[in-house]
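Residue-level structure breakdown
So the chains spell out like this:
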Amino acid sequence: MLADYAVRVEQSRGRRYPEPQHPYRDDFQRDRDRVIHSRAFRRLEAKTQVFTRRYSDHFRNRLTHTIEVAQIARTIAAQLGLNVDLVEALALVHDVGHPPFGHAGEKALDAAMREHGFFFDHNLHALRIVEDFELRYAAFRGLNLTFEVREGIIKHSHDYAVDQFPELAEYLLDLRPPLEAQLIDVADEIAYSTADLDDGYESHLLTLEQIRSGVPIFDRFYSEAESTYPEAIEKLKFNEALKRILNRWVGDLIENTNETIRQAAVNSIEEVRSYADRLATLSAPIEQERRDAKDFLYKNLYFSASLNPEKIDAERVISELFHFWMAKPENLPSSYREKAAAEPLPRIICDYIAGMTDNYIYEQHEKQCGRR
Ligand code: MG
């Protein structure tokens, strides 16, 4: 049962190129499936989330992170009476615009672009992928996704000003996105903040004592787990504590969003869109808790000296390859050389690099720049 403020597939603004209805899948289900069958989605498997393969094969990569976000977001959407199929499509597509090497790669690619007066933004890049780069259909370029999925790709995590991005005007930039897109951002934050505590601990970059003293809510739940399961091994008590944090944050997001919607007296998708603020939010105390955990992760994990070799590598590989192709565009693959006739060369090189997996960019770097 959909809530009054949910997106209804029969009211979708539709696709860029009209297509006949599928006999037994609606348009959002088809969009979800188109994302799953895309090359960009498959490449997520070989892209770093936080930890490279140097650490372990059982840590999250961008694909498993994406699946975790989809799981959390679906659960929340069902409880709120939102359109679960749209939410799933948005969750599965939310990270396809990320370059290799995680956050470090994004920074390095942006820095290389800025030298030429451009910039790199993974949401805008994701839109280019689904609108243009994916070639699966004879009738059109891209995946021809519905308006609501394209809008969610752009608007799920932050707002773009219409005067700065006139090319995005069709996405109603002065309006909020539907709740289905709003919740992706919070589900993403919840997913990675808990998962990175887990992988950080498993990698021994974070110790139990460090997490207990740096993340008070973890300490509280770990103590509870200790008294409930005094005989259990440390990792299982760790898992118990983490599971309780996840449930607490997800439960709060559901309750607080319900309450915010009630207080705002929002009863339709139009009212969601025109409401001044985002409605899918954590309550203030839980938001603070999440931020504290995130700050802890930044200080002790993402910015830790142990992950420096990865970052230095990412910067070096991306910047050297970028400069190499700027100087020798004739060494680009022919499809990219052709594109450079219509678009600025830095943009074309950026598109090429952003699409690469961690493995492939190392291969290219060795081939073009001669050393690793
Ligand atoms: Mg993400």
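Since the structure is predicted, the reported quantities are computational estimates derived from the model, not experimental observations.

The rules behind the values
- Residues numbered from 1 in each chain as written.
- Predicted model: local features only at pLDDT ≥ 70, side-chain atom pairs only at ≥ 80, totals over all residues.
- Heavy atoms only, no water.
- Donors = N, O, S within 2.8 Å, 3.2 Å for Na, K, Ca; no water.
- Helix = DSSP H or I, 4+ residues; strand = E, 2+ residues; numbered from the N terminus.
- Buried < 20%, exposed > 50% of the residue type's maximum accessible area, 1.4 Å probe, protein only.
- Contact = heavy atoms within 4.5 Å.
- Phe/Tyr/Trp six-rings, centres within 6.5 Å; stacked < 30°, edge-to-face > 60°.
- Lys NZ or Arg CZ within 6 Å of the ring centre and 35° of its normal.

Coordination of the magnesium ion by the protein is provided by His-65 (NE2), His-94 (NE2), Asp-95 (OD) and Asp-188 (OD), with metal-donor distances spanning 2.2 to 2.5 Å. Each donor residue of the magnesium ion belongs to the same chain, with the gaps between them written as H-x28-H-D-x92-D. Separated by 29 residues along the polypeptide, His-65 in helix α3 (residues 62–80) and His-94 in the loop between α4 (84–93) and α5 (102–114) bring together distant segments of the chain. Residue class for His-94 comes out buried when judged on its relative accessible area of 3%.

Structurally, the position occupied by Arg-42 is in helix α2 (residues 39–43). Overall, the relative accessible area of 49% leaves Arg-42 in the partly exposed class. Each C-alpha atom, one on Arg-42 and one on Ser-304, is 29 Å from the other, the two residues being 262 residues apart in sequence.

Before going further, it helps to examine the side chain of Arg-290. Position of Arg-290 relative to the elements: it lies in helix α13 (residues 284–302). Contacts of Arg-290, omitting those with residues within four sequence positions, involve Glu-189, Trp-249 and Leu-282.

We now examine the packing of aromatic side chains. Enumeration according to the criterion identifies 14 aromatic pairs in this entry. Each ring, one from Phe-218 and one from Phe-238, has its centre 5.0 Å from the other, and the planes form 55°; the classification is tilted. Of this pair, Phe-218 sits in helix α10 (residues 216–228) while Phe-238 sits in helix α11 (residues 234–264); the two residues are 20 residues apart in sequence, bridging distant segments of the chain. For Phe-218, a relative accessible area of 0% corresponds to the buried category. For the ring pair Tyr-298 and Tyr-302, a centre distance of 4.9 Å and an interplane angle of 85° mean the geometry is edge-to-face. Of this pair, Tyr-298 and Tyr-302 are both found in helix α13, 4 residues apart, which corresponds to roughly one turn of the helix. The partly exposed category is assigned to Tyr-298, whose relative accessible area is 28%. Here the aromatic residues Tyr-201, Phe-218, Tyr-222 and Phe-238 are joined through ring pairs into a cluster of three or more. Of note, Arg-34 hangs over the ring of Tyr-137, and the distance from its end group to the ring centre comes to 5.0 Å. The ring of Tyr-336 has Lys-339 sitting right over it, with the charged end atom 5.5 Å from the ring centre.

Let us now look at unusual backbone geometry. Even without being glycine, Leu-172 reaches a positive phi, approximately 55°. Examined against the element boundaries, Leu-172 turns out to sit in the loop between α7 (147–155) and α8 (179–202). Residue class for Leu-172 comes out buried when judged on its relative accessible area of 18%. The backbone of Ala-265 sits at a positive phi, close to 55°, despite the residue not being glycine. By secondary structure assignment, the location of Ala-265 is in the loop between α11 and α12 (269–274). Taking the relative accessible area as the measure of exposure, Ala-265 reaches 48% and is therefore partly exposed.

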